[in-house]
Amino acid sequence: MNRTPHRLRRVAAGGLAALAAASTIVVASSPTTAAPGDVILTEDFSGDALPAGWLADGDADWTVRDGRLYGHTDNAYTPSILTFGEHRDNVRIEATMRFEDVVNASRWAGIVTDVAPTGGAPWAHAVMRSESTASNGIEFAIRNADESWNVTDAGSAPVDAGVGNDVDVRIDIQGERGAWYFDDELVLSTTSVERTDAGVLGFVIAGATVSFDDLVVTELEPLADPEPEPEPEPELVRFEETFDGDSLPEGWTPLAGAWSVADGRLRLDEPSTQARITFGPHLDNYQAEFTLRFESVNNASRWAGLMTDVAADGSIPWAQAVMRSQSTAGNGIEFALRSTGGWNVTDKSGAPADAATGRDVQVRIVAQGSTGEWWFDGQLVLTTTRIERSDDGILGFIADGARVSIDDVVVTELPPRSLVRDPALGPITIAHRGYSSLAPENTLAAVEAALRSGAEMIEIDTYTSADDATIVIHDSTVDRTTDGTGAVDALSSAQLAELDAGSWFSSAYVDEPLPHLEQVLDLIKGRGPTLLLEIKPGASYDETEMQLQAVLDRDMVDQVVVQSFDAQVIRDAKTIAPEIPRGFLTGSVSGDLVAVANELGLSAYNPSVGAVLGRPEAVAELNAAGIAVMPWTVDDAGTWARLAEIGVDGIITNRPGEHIGFRQGSPIDVTVVVTEPGPDPVAPAVRVEQASTQADPATEQPVLFDVVFAEPVVGFGTDDVIVGGSAGATSVSLVELTPGVRYRVAVEGATADGTVTVSVHADAATTATGVGTAASTSTDNDVTVTLPEPLAECAVEYVFANTWHNGFIASVELSNTADEPIVGWELGWNFTAGERLRAGWLGDFSQDGTAVTVVNPAWDRVVDPGETVIAQFIGKSIDPPVAPTTFTLDGVTCGG
């Protein structure tokens with residue numbers, strides 16, 4: 001789509017005369033005088049040379065022709081600047097921009113908002129990428145003096161700028177505040193524009209050919225000083241009682257025992273069994289403080305304390321936080337649950353001193369959702385993740401076998417607990433796929449085991465069935481963890497219900513079913529841990545909405561965090577239910593993590609353990625922005641200790657019980673023991689994928705393969721790769737693409753018209769925990785590639801660049817090696833299942849699973865002998881795309 005510039009529409013009201021008379025302004029010793037609304041610079045590039053006073057910095061080619069300014073540089077990493085104008089504190093810069101060509105879709109161009117008149121770092125700029133809908137498609141950034149970058153703010157445009165399209169760009173700078181407008185739509189704002197006393201304006205390009213037109217610079221009003229930040233609101237005291245009267249306060253309901261008020265205290269006058277009195281409102285997150293004194297006890301094992309969640313009539317069930325008069329005992333401090341089946345003491349410990357009798361103890365109980373803290377005279381003595389909660393439960397006091405008195409009750413409402421932890425407390429335990437080393441993963445048995453382990457969070461995975469049921473399962477097929485076969489989305493919920501998801505793990509779990517998400521939610525609701533709900537990549541908006549609606553229907557917003565590897569799923573979740581916290585799964589911690597987290601509205605950033613260990617400082621960066629870091633998947637004590645030192649907020653592990661023991665100081669045996677009749681330890685499956693082959697062996701390009709492990713491994717190297725075939729290839733190099741998971745293998749020295757086979761040794765590597773081997777359980781752990789004969793007519797090279805989840809840009813480089821020109825060309829592409837393509841930057845993708853011809857009018861050009869052209873198209877693919885081996889250009893067959 002071509003956009004027509006709107007030069008006159010952008011001129012400030014009352015400024016037409018100034019516009020007519022304006023000419024390019026050369027940098028002067030002091031700024032010209034201008035009032036807000038005055039146009040201070042215009043340029044339509046109607047001449048044949050750079051305007052006077054415009055100065056190029058860098059190795060780019062800047063020219064004026066055909067009524068536009070053109071900047072060209074092939075250097076994708078060293079930007080070039082063209083400076084102009086004069087220093088202004090408050091200014092609007094408007095221009096029409098068009099990408100004429102790009103090295104790849106991550107390259108960028110835009111407006112420099114503050115730079116020295118002669119150019120050079122440091123500078124501040126506002127730029128866009130040709131793929132401007134990417135999460136960092138629109139940026140405010142700073143180029144530091146040491147040539148490093150600081151992307152202060154990132155966002156996306158409503159459409160891609162693409163190539164060949166005019167975009168009306170407007171940047172408003174008022175002091176250190178900036179606003180970025182894309183075709184008159186505000187797409188990004190900032191408060192972090194770096195300013196200098198003499199900085200001027202400019203254009204900047206990197207790895208692209210870009211044209212500019214219709215430049216208009218207008219003086220703006222200074223922004224009023226921002227309102228001072230309001231003082232933090234005081235904690236909201238919802239209930240307070242000092243018992244100054246001579247009767248029970250209004251709303252206090254005695255249900256068992258002889259409760260009264262005397263001498264400024266609430267008193268239980270006679271020992272009884274489970275004497276109870278209820279009070280206060282229902283609160284999801286609160287702190288209750290009070291003074292408790294044992295006046296007398298039947299014996300040292302008797303107890304009293306706070307009912308943390310109880311029905312107004314005091315009936316079973318309820319949750320409580322109590323202490324014994326002999327509070328130094330191993331069970332002197334407790335969190336416990338009372339149900340129809342009896343008592344369940346979920347957590348217990350000793351206090352630093354005995355409460356004894358006749359002694360006031362300052363008690364503070366913190367309850368945030370199902371997590372709790374027990375404070376004894378200002379000292380934290382016990383925590384829990386297993387306070388059972390109800391939708392309308394209130395508070396109460398309880399005493400058993402004792403006379404007690406209580407005073408100075410203050411109940412304060414708290415915000416929901418942040419996922420960011422105090423480093424002194426160490427990371428929480430997150431049970432991966434439930435307690436998956438003890439029970440079959442992603443089953444109700446594994447979830448129940450995790451609930452009983454004391455893990456603070458439980459992670460599960462979901463896919464959608466053919467009839468739109470949300471199934472809890474990690475893989476897209478049922479083959480690995482059930483006795484069935486086939487894709488989850490091709491099977492109905494009735495068919496899935498017939499499968500056995502437990503026998504593969506142990507005969508003790510025969511006929512364990514695949515659960516639905518709703519079953520897991522119902523099992524967890526109110527019982528303690530938070531559910532870490534992973535929605536698998538590629539889930540549609542409707543699928544995401546269906547899952548989040550199940551959470552909303554159960555009023556479990558405070559007990560669920562939704563996460564995904566797919567940024568679009570996270571964006572959809574933010575739109576559907578912004579109140580449900582979000583986490584982003586990733587295999588890396590590169591780039592401006594805080595900017596990504598802010599754009600997605602994240603509460604947690606959950607990278608692989610290898611990524612965190614490779615950049616440990618990222619944890620502090622994210623924590624400082626209020627974003628938790630919870631790496632996956634770690635099962636050994638050594639790495640647990642290292643991650644705790646780094647300060648991560650949670651650890652996703654298959655061994656939650658062992659991790660909790662480790663946190664409590666218990667020695668951990670890192671050897672996994674599988675009891676009879678469970679299977680032998682099986683390491684991750686490994687597969688080999690063809691990544692590319694030679695278009696023309698004469699170019700001596702390597703043949704590329706990808707080795708992919710199902711779980712992270714360590715120790716994999718070139719010696720573990722077996723190369724064979726008839727092409728005589730001998731040299732192998734290896735690059736780690738995703739830490740411990742995906743490796744790129746380059747095989748060099750292959751001759752034309754032969755084959756190259758790559759496979760992996762059965763004992764190629766160990767799992768990241770050092771347990772088992774990476775012996776392949778897959779049938780596709782070797783791949784054979786047949787190389788084509790050399791082609792004389794033309795040569796084609798493909799480069800694929802991942803730019804978003806499951807997305808890629810294919811750059812096609814065509815070299816005409818024939819003696820005759822090629823007139824017009826098109827590309828035939830054989831789709832694989834789940835692969836989608838489109839030729840242009842706008843419009844819909846083609847449908848899945850078909851053979852199509854990709855046609856782009858921009859490709860309809862003459863390619864002269866010896867000339868090389870580059871064209872691009874975009875697509876989505878679950879697996880890395882594979883280039884066609886050949887295609888036809890104007891009747892000439894080329895290698896692909």
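Our structure is the block above this text.
Conventions we followed
- Residues numbered from 1 in each chain as written.
- Predicted model: local features only at pLDDT ≥ 70, side-chain atom pairs only at ≥ 80, totals over all residues.
- Heavy atoms only, no water.
- Helix = DSSP H or I, 4+ residues; strand = E, 2+ residues; numbered from the N terminus.
- Buried < 20%, exposed > 50% of the residue type's maximum accessible area, 1.4 Å probe, protein only.
- Contact = heavy atoms within 4.5 Å.
- Salt bridge = Lys/Arg side-chain N within 4 Å of Asp/Glu carboxyl O.
- Pairing = 2+ DSSP bridges.
- Axes fitted to C-alpha atoms, helices over the stretch in contact; angles between N-to-C directions.

Our next topic: the overall build of the protein chain. Assigned secondary structure in the protein chain consists of 11 helices and 58 strands. Put simply, the protein chain has 896 residues, and 52% of those count as buried. Once local pairs closer than 6 in sequence are excluded, the contacts in the protein chain between residues at least 24 apart make up 65%.

Moving on, we come to the pattern of salt bridges. A complete count under the given rule lists 33 salt bridges for this structure. Here Arg68 makes a salt bridge to Asp166, at a shortest N to O gap of 3.2 Å. Of this pair, Arg68 sits in strand E4 (residues 68-73) while Asp166 sits in strand E11 (residues 166-174); the two residues are 98 residues apart in sequence, bridging distant segments of the chain. Its salt-bridge partner being Arg88, residue Glu86 comes within 2.1 Å of it at the nearest N-O pair.

Most of strand E22 (residues 303-310) is tucked away: 8 of the 8 residues are buried. Strand direction decides the pairing type here: E22 and strand E23 (residues 318-324), joined by 7 bridges, are antiparallel. Each bridged residue has a counterpart across the sheet, and for Ala304 the counterpart in E23 is Met323. Bridging between E22 and strand E29 (residues 394-400) involves 6 bridges; their strand directions are antiparallel. Along E29, the bridge assignment pairs Val310 with Ile394.

Pairing in this open sheet of 7 strands is antiparallel, and the strands run E2-E5-E14-E7-E8-E9-E10 from one edge to the other. Whereas interior strands pair on both sides, the edge strands pair on one side only; in this sheet they are strand E2 (55-57) and strand E10 (149-155). Strand after strand, the sheet turns through a mean of 20° between neighbouring axes, direction not considered. Bridge count for strand E8 (residues 123-129) against strand E9 (residues 138-143) is 6 bridges, and the pairing is antiparallel. Residue pairing for E9: His125 is matched across the bridge by Ala141.

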